Amino acid sequence: MWLAFKQKIGAKIIAWKNTEHNVFKIVFLCAIFILISDNQRFYSSLSSIIGTASIPSALLYLVVVVILFSSLYLLLSLFAIKHLTKPILILMLISSSLTGYFLDTYNVIIDDRMIQNVADTDSREATELLSWKMLAYLVFFGLLPATIVVFTKLKYKPFTKHLLWQGGYITASLAIVSLLAIAFYKDLSIIGREHHELRYYMNPSYPLYSLARFTQTTSAHDAPVRLTPIGTEARQASTWQKRGKKSVFIFVVGETARARHFSLGGYARDTNRYTREQNVIFFNNVSSCGTSTAESVPCMFSLLGRSDYSIQAASEQENLLDVLKHANIDVLWRDNNSGCKGVCDRVAQEDVSSLKIPELCRPDECYDEILLNKLQDYLDKAQGDVVIVLHQKGSHGPAYSKRHPPSFTEFTPECQQDQVQSCEQQTIVNAYDNTILYTDYFLAHTIKLLKNNAKTFNSAMLYVSDHGESLGENGIYLHGLPYMIAPEDQKHVPMMLWLSDGYKQAYGIDETCLRQNSAREYSHDNLFHSVLGLLDVKTSVYKADQDISHACRKHS
């Protein structure tokens, strides 16, 4: 029986391979396949909201699916042209399978900013996302149907007739979409207005739209642009010369830390035992500019603010580090992550992520303490005031257990898989909390380094994370969701400030006042002006009402 079955299947495969198939039939089958196999996240989201409609749920569900299919068939039919059909179908099948995997597994949406993240991600980070489940999606929903397309003989009508048939299919698809949209406008418009997030899950239409936006932005960014200078007249207040010491300001850019897991902000676990001993000021009501590094890091150093920020606009304007340079302050960017996203292009920079120091590094990456390696040598050579930016690896997922040394595995059992969705949620939280504890240790050692230089420098340290993280709540993992629908944990970030006694005295800063204001609502928008204020930099681009320390300083 098994032999007969194999022979029957083999005969069908040979018959399929030797038969010419109408190109529009193959396009139809591919559209159906993508619609069924790669849109599970869309269907589950649609099911959860469709009950609010005024017509039977099953009917409206069917209407939406038909519109989605007709739109996809219309799109694919545009490419039903000899020598172009197969490459497009193969690309669509493979890319849709991978998009479906990330939607189903992590609830990660593929928008233009996520595509930017992928472009900026180094190979070490990328390998953490590889899994057998991802391979299964790629093989069964991508490579296997793509292989069938490769060996399928496509039948095209003569050129003129083909164009007529193609136009007919496109017109019919467009008519179906239009008629259904008009007939069910009331319910569809309500869903569209009240649930904008639904469009993010449409595969492959939204990823294609995002790719087009990314390509447009990248093309504009690659074109020669005139960088707009800002704060060129910046200077430190005249009283800085009377401080008697040089000043060093360390700005630690955290990675993927969510405020809710900092015990300084009320978290039950003691994840801040090290910085608590250093008498830091913790700000527990801070919002990020974005939900990804590629978005938040340039934004937090930009003058634009979240409401006006775009990748292109930020790339065409100088940032905070440029203004500090205009004020004759030496600036150094040290990176243990995947780069500064253009922020440090015009200042001194060091990539320490690949140093081979056994006690500070794994074979494939380094722990954040590497950022302090030989930093004392730099301070010893400093001729004037300096600002040092330390860009952490922090709590970057999904391999949280790799972000801290084994000695910091305090909260157990700890998820040690790269595919965190396969772990019990509490083990994910344990691994994540261990990264927060290690970050706290790193920050405390940064403060100790500054304390050791008290005879030479008045010193300060500001820490703030670029964005937060989801740890499996409501089936959402990692980060990068569009800001509008991102959960609070991806946007609520920790910030802390430490000031030496000499720094407070030299710059006239009232620490008690800062602590009293630490519960106020702040965001990344405050960072540009707060750093300028804390360094007493005078410039026309500084806004006192955005400076978290303005009301707590004596002004020169």
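Rules used throughout
- Within every chain, residues take consecutive numbers counted from 1 along the sequence as written.
- Given that this is a predicted model, residues contribute local features only at a pLDDT of at least 70 and side-chain atom pairs are listed and counted only at 80 or more, while totals for whole chains, interfaces and linings are drawn from all residues.
- Side-chain figures throughout are based on the complete set of non-hydrogen atoms in the structure, without hydrogens or water.
- Runs of E in the DSSP output that reach at least two residues are strands. Runs of H or I that reach at least four are helices, and both are numbered from the N terminus.
- In what follows, a contact means two residues having at least one pair of non-hydrogen atoms within 4.5 Å.
- Note on geometry: axes are C-alpha line fits, over the in-contact stretch for helices, and angles between N-to-C directions span 0 to 180 degrees.
- Working definition: roughly parallel below 35 degrees, roughly antiparallel above 145 degrees, roughly perpendicular at 65 to 115 degrees, and oblique for all remaining angles.
- Three classes are used, and their members are as follows: Ala, Val, Leu, Ile, Met, Phe, Trp, Tyr, Cys and Pro are nonpolar, Asp, Glu, Lys and Arg are charged, and the others, Gly among them, are polar.
- For this analysis, a ring pair means two rings from Phe, Tyr or Trp (six-membered ring only for Trp) whose centres lie within 6.5 Å, classed as stacked if their planes differ by under 30 degrees, edge-to-face if by over 60, and tilted for the remaining angles.
- Lysine and arginine charges are scored as sitting over a ring when NZ or CZ, respectively, is within 6 Å of the ring centre and within 35 degrees of the ring normal.
- Note on pairing: DSSP must find at least two bridges between two strands before they are called paired.
- Residue burial is assigned from relative accessible area. The probe radius is 1.4 Å, only protein chains are included, and a residue is buried under 20% of its type maximum, exposed over 50%, and partly exposed in between.
- Side-chain atoms within 4.5 Å link the members of a nonpolar core, which is a set of buried Ala, Val, Leu, Ile, Met, Phe, Trp, Tyr and Cys residues.
- Exposure above 30% relative accessible area and the absence of a salt bridge qualify a residue for a patch, where like charges join within 9 Å and nonpolar side chains (Val, Leu, Ile, Met, Phe, Trp, Tyr) within 5 Å.
- The method behind every accessible area is Shrake-Rupley, applied with a 1.4 Å probe, and residues are considered shielded solely by the protein chains displayed.
- Should a side-chain nitrogen of Lys or Arg be within 4 Å of a carboxyl oxygen of Asp or Glu, the pair is scored as a salt bridge.
- Any two cysteine sulfur atoms lying within 2.5 Å of each other are counted as a disulfide.

**Q** Got a minute to help me understand the side chain of Asn453 in this structure?
**A** Mapped onto the elements, Asn453 comes out in the loop between α17 (425-451) and β9 (457-465). Look past the residues within four positions of Asn453 in its chain and what remains in contact with it is Gln376 and Leu379.

**Q** It is not clear to me how the packing of helix α2 (residues 23-37) against helix α5 (residues 85-106) should be interpreted in this structure. Could you clarify?
**A** Helix-helix packing: each pair is described by the crossing angle between the helix axes and the interaxial distance. Axis separation between α2 and α5 bottoms out at 11 Å; the angle between their running directions is 5°. If you check the angle between α2 and α5, you find them roughly parallel. Residue-level inspection shows Val23, Ile26, Val27, Cys30, Phe33 and Ile34 of α2 in contact with α5, the latter providing Thr85, Leu89, Met92, Leu93 and Ser96. Grouping the amino acids of the contact of α2 with α5 by side-chain chemistry returns 9 nonpolar, 2 polar and no charged.

**Q** Explain the packing of aromatic side chains to me, please; I cannot follow it from the model alone.
**A** Summed over all chains, the structure comprises 29 aromatic pairs. Members of the aromatic cluster, each reached through a chain of ring pairs, are Phe33, Tyr101, Phe102, Tyr106, Tyr137, Phe141 and Tyr477. The ring of Tyr483 carries Arg306 above its face, with NZ or CZ at 3.8 Å from the centroid. Sitting over the ring of Tyr483, Lys491 keeps its end group 4.8 Å from the ring centre.

**Q** What am I meant to see in the sheet that holds strand β8 (residues 386-391) here?
**A** Backbone-to-backbone hydrogen bonds pair the strands of a sheet. The strands run either parallel or antiparallel. One open sheet accounts for 8 strands, arranged β7-β6-β8-β4-β9-β12-β5-β13; its pairing is mixed. Whereas interior strands pair on both sides, the edge strands pair on one side only; in this sheet they are β7 (348-351) and β13 (522-523). Strand direction decides the pairing type here: strand β4 (residues 246-254) and β8, joined by 6 bridges, are parallel. Following the sheet pairing, Phe251 is matched in β8 by Val389. Running at roughly 155° to β4, helix α13 (residues 293-300) makes contact with β4, β6 (330-335), β8 and β9 of the sheet. Each of β4, β8, β9 and β12 (492-499) is contacted by α17, which is oriented at about 165° to β9, the strand it contacts most.

**Q** Would you take a moment to explain α13 for this structure?
**A** The periodicity of an α-helix, 3.6 residues per turn, causes residues three or four places apart in sequence to face the same way. Of all 8 residues in α13, 8 are buried, a share of seventy percent or more. Looking at α13, one finds that the buried residues are Thr293, Ala294, Glu295, Ser296, Val297, Pro298, Cys299 and Met300.

**Q** Would you mind going over the pairing of β9 with me for this structure?
**A** Most of β9 is tucked away, with 9 of its 9 residues classed as buried. Burial along β9 is two-sided: Phe457, Ser459, Met461, Tyr463 and Ser465 facing one way and Asn458, Ala460, Leu462 and Val464 facing the other are all buried. As paired strands, β4 and β9 are joined by 9 bridges and run parallel to one another. Each residue of the ladder has a partner; that of Ile250, found in β9, is Met461. Bridge analysis of β9 against β12 gives 5 bridges, and the strand direction is antiparallel. Paired with Val464 across the strands is Met495, a residue of β12.

**Q** Before we go on, may I ask you to explain the nonpolar core in this structure?
**A** Soluble, globular proteins show a tendency: their nonpolar side chains are buried together. Of all hydrophobic cores here, the largest spans 55 residues; its most connected members are Ile250 and Met461. When residues of this core are assigned to their parent elements, the largest contribution, 10 residues, is made by α17. Sequence-distant contacts of Ile250, that is, excluding residues within four places in its chain, are made with Leu375, Ile388, Leu390, Thr446, Leu450, Ala460, Met461 and Leu462. Counting residues in hydrophobic clusters, the runner-up holds 49 residues, among them Phe251, Val493, Cys513 and Cys552.

**Q** Which parts of the structure should I look at to understand a nonpolar patch on the surface?
**A** Judged by side-chain polarity, Phe140, Leu144 and Ile148 come together as a nonpolar surface patch covering roughly 310 Å² of accessible area. Along the chain, Phe140 falls in helix α8 (residues 132-150). Here Phe140 falls in the exposed class, since its relative accessible area comes to 52%.

**Q** Just to check I follow, could you spell out the state of the cysteines for this structure?
**A** Covalently bonding the sulfur atom of one cysteine to the sulfur atom of another cysteine gives a disulfide. Per the counting criterion, the structure on display carries 5 disulfides. Between Cys361 and Cys366 runs a disulfide, and the two sulfur atoms are separated by 2.1 Å. Its torsion about the S-S bond being 85°, the disulfide of Cys361 and Cys366 is classed as right-handed. The class of Cys361 is buried, set by a relative accessible area of 12%. The disulfide bridge from Cys513 ends at Cys552, spanning 2.0 Å between sulfur atoms. What sets the handedness of the Cys513 and Cys552 disulfide is the S-S torsion sign, and at about -65° it is left-handed. Note that Cys513 is positioned in helix α19 (residues 511-516) and Cys552 in the segment after β14 (537-538), a separation of 39 residues in sequence. Of the two residues, Cys513 and Cys552, neither departs from the other in class, the shared state being buried. For the protein chain, the bonded cysteines pair up as 1-2, 3-4, 5-6, 7-8, 9-10 when numbered in the order they occur along the sequence.

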